[in-house]
Amino acid sequence: MPHVPRPLLTRATVEAMRAAQGDGHSAWTGSLDLGRTTTTVTLTPDHWLWNGTPQPWPGALKERTIYVREGDEWASVSRYGRSLIKLVPTDWGPPTFEIDGIKMLVSARISPMDDARQKVALVAPRGKTVLDTCGGLGYFAACCLESGVTRIRSFEKNEDVLWLRTLNPWSPDPDAAETAGRLELTHGDVSQAILGIADASVDAVLHDPPRFGIAGELYSQAFYDQLARVLRRGGRLFHYTGAPNRLTSGRDVPREVARRLEKAGLRSELALDGVLASKR
């Protein structure tokens, strides 16, 4: 689905607009796209004007929620299908998202985009073909594009996450002119799609799967064998793991993952909050 620019509201944004109006200002300048750009809107008692289009004032808004206009109402940017998928604002601008209340991207101490930038730098994507296994909001892809990637193939299984991307101004648009056709985004299950990817056809892999309890197949030896198969000799792979269950069960997931990647024929080491591997 193409990205369609629309104003996005948070409670803090509306409070700032109302404060400007209360101070007697007829206009407010700020961001209506989660900090990506700034714009100026005209304020009136009954509505405000965005790009010349009247927008109704919203009612009470919740914290940790982003709103988009649906008809005459402001609705939360969330969907409930098999699970509740919700776009969540951060202090940094680029939002994170939640699935059934579980935050999918870090945002407490660092911007999720800056976090992605650090991880992408480990595989040095400039001039390379990259496989992005679990696209999410597309921050890995965005960082690869800004780093000069030649081509990035990205897969996302959840159609509701793909819908979030169309509203998130920080998610790269595969159809945008600045993307120049370098991003191929596919709605599909990478654990199956990888079987159709040719041997030694990618220079780097970025693997940021959901936690093991949701997508255990993406931590399996069979899948790691496939990642090693499609990676060219000398290619790099970054696998985000975090440190789930370490305090409660004593499991060391990063080291378990590193051992499986070694078994698949990759040289591995712990890096950031995951594992960095390379093909011998």
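Under an unreviewed UniProt entry, the name given to the chain is SAM-dependent methyltransferase, and the organism recorded is Luteimonas chenhongjianii.

**Observations regarding the overall build of the chain**
Per the secondary structure count, the chain includes eight helices and 18 strands. With the C-alpha coordinates of the chain rotated into their principal frame, the extents come out at 65 × 45 × 30 Å. Among the 280 residues that make up the chain, the fraction classed as buried is 49%. Put simply, of all contacts in the chain between residues at least 6 apart along the chain, 58% involve residues at least 24 apart. Total accessible area on the chain is roughly 13,500 Å²; 50% of this is exposed by carbon and sulfur atoms. Each charge class in the chain was averaged separately, 35 positive and 33 negative side chains, and the resulting centres sit 7 Å apart.

**Observations regarding the sheet that holds strand β14 (residues 183–187)**
Strand order in this open sheet of seven strands is β14-β13-β12-β15-β16-β18-β17, and the pairing throughout is mixed. For this open sheet the edge positions go to β14 and β17 (266–271), each flanked by a neighbour on one side alone. Here the average twist between neighbouring strands, direction ignored, is 15°. Bridge analysis of strand β15 (residues 202–207) against strand β16 (residues 231–240) gives five bridges, and the strand direction is parallel. Note on β16: the bridge partner recorded for Ala204 is Arg236. The sheet strands contacting helix α4 (residues 159–167) are β13 (151–156) and β14, and the helix crosses β14 at an angle near 140°. On top of the sheet, helix α6 (residues 221–230) reaches β12 (129–132), β15, β16, β17 and β18 (274–279); it is set at about 140° to β16, its chief contact.

**Digging into the environment of Glu269**
Its place among the elements puts Glu269 in strand β17. Along the chain, Glu269 and Pro254 lie 15 residues apart, while their C-alpha atoms are 9.3 Å from each other.

**A word on the packing of aromatic side chains**
Tallied over the entire structure, the rule returns two aromatic pairs. Ring geometry for Trp48 and Trp74: centres 6.0 Å apart, planes at 15°, overall stacked. Taken together, the residues span a long stretch of sequence, with Trp48 in strand β4 (residues 47–50) and Trp74 in strand β7 (residues 73–76) at a distance of 26 residues. Comparing Trp48 with Trp74, the two get one shared label, buried. Plain terms: the ring middles of Phe212 and Tyr219 are 5.6 Å apart, the flat faces sit at 65° to each other, and that makes the pair edge-to-face. Among the residues examined, Phe212 registers a relative accessible area of 46% and is labelled partly exposed. For Tyr219, a relative accessible area of 5% corresponds to the buried category.

**A closer look at the sheet that holds strand β3 (residues 39–43)**
Pairing in this open sheet of four strands is antiparallel, and the strands run β2-β3-β4-β5 from one edge to the other. Strands at the two margins of the open sheet, each flanked by one partner only, are β2 (27–30) and β5 (53–56). This sheet shows a mean twist of 35° between the axes of neighbouring strands, independent of strand direction. Two strands pair when backbone bridges link them, and β2 and β3 are joined in this way by four bridges, in the antiparallel orientation. The partner of Thr29 across the bridge, within β3, is Thr40. The strands that helix α1 (residues 11–22) touches are β2, β3 and β4; relative to β2, the one it contacts most, it runs at about 145°.

**Considering the domain arrangement of the chain**
Taken as a whole, the chain is organised into domain 1 (8–76) and domain 2 (112–279). The centre of domain 1, based on its C-alpha atoms, is set 36 Å off from the matching centre of domain 2. Facing the six residues of domain 1 at the interface are four residues of domain 2. For the pair domain 1 and domain 2, the summed buried surface comes to about 490 Å²; carbon and sulfur atoms form 67% of the total. A per-residue breakdown of the area domain 1 buries against domain 2 is headed by Leu8, Leu34 and Arg36, which together make up 67% of the total. Here domain 1 and domain 2 share two residue pairs in polar contact (both at pLDDT 80 or more) between them. When grouped by side-chain class, the residues that make up the side of domain 1 that touches domain 2 number three nonpolar, one polar and two charged.

**Examining the pairing of β7**
Bridging between strand β6 (residues 67–70) and β7 involves four bridges; their strand directions are antiparallel. When the sheet's bridge partners are listed, Arg69 is paired in β7 with Trp74. Linkage of β6 to β7, two consecutive antiparallel strands, is achieved through a turn of two residues, within which Gly71 is found at a positive phi near 70°.

Reading guide: rules and limits
- Residues numbered from 1 in each chain as written.
- Predicted model: local features only at pLDDT ≥ 70, side-chain atom pairs only at ≥ 80, totals over all residues.
- Heavy atoms only, no water.
- Helix = DSSP H or I, 4+ residues; strand = E, 2+ residues; numbered from the N terminus.
- Buried < 20%, exposed > 50% of the residue type's maximum accessible area, 1.4 Å probe, protein only.
- Contact = heavy atoms within 4.5 Å.
- Areas by Shrake-Rupley, 256 points an atom, 1.4 Å probe, with all protein chains shown as cover.
- Lys, Arg positive; Asp, Glu negative; His and termini not counted.
- Charge placed at Lys NZ, Arg CZ, Asp CG, Glu CD.
- Pairing = 2+ DSSP bridges.
- Axes fitted to C-alpha atoms, helices over the stretch in contact; angles between N-to-C directions.
- Phe/Tyr/Trp six-rings, centres within 6.5 Å; stacked < 30°, edge-to-face > 60°.
- Domains from an automatic or database assignment.
- Buried area = accessible area lost by both parts, 1.4 Å probe.
- Polar contact = N/O pair within 3.5 Å; in protein donor to acceptor, adjacent residues only side chain to side chain.
- Nonpolar A, V, L, I, M, F, W, Y, C, P; charged D, E, K, R; others polar.

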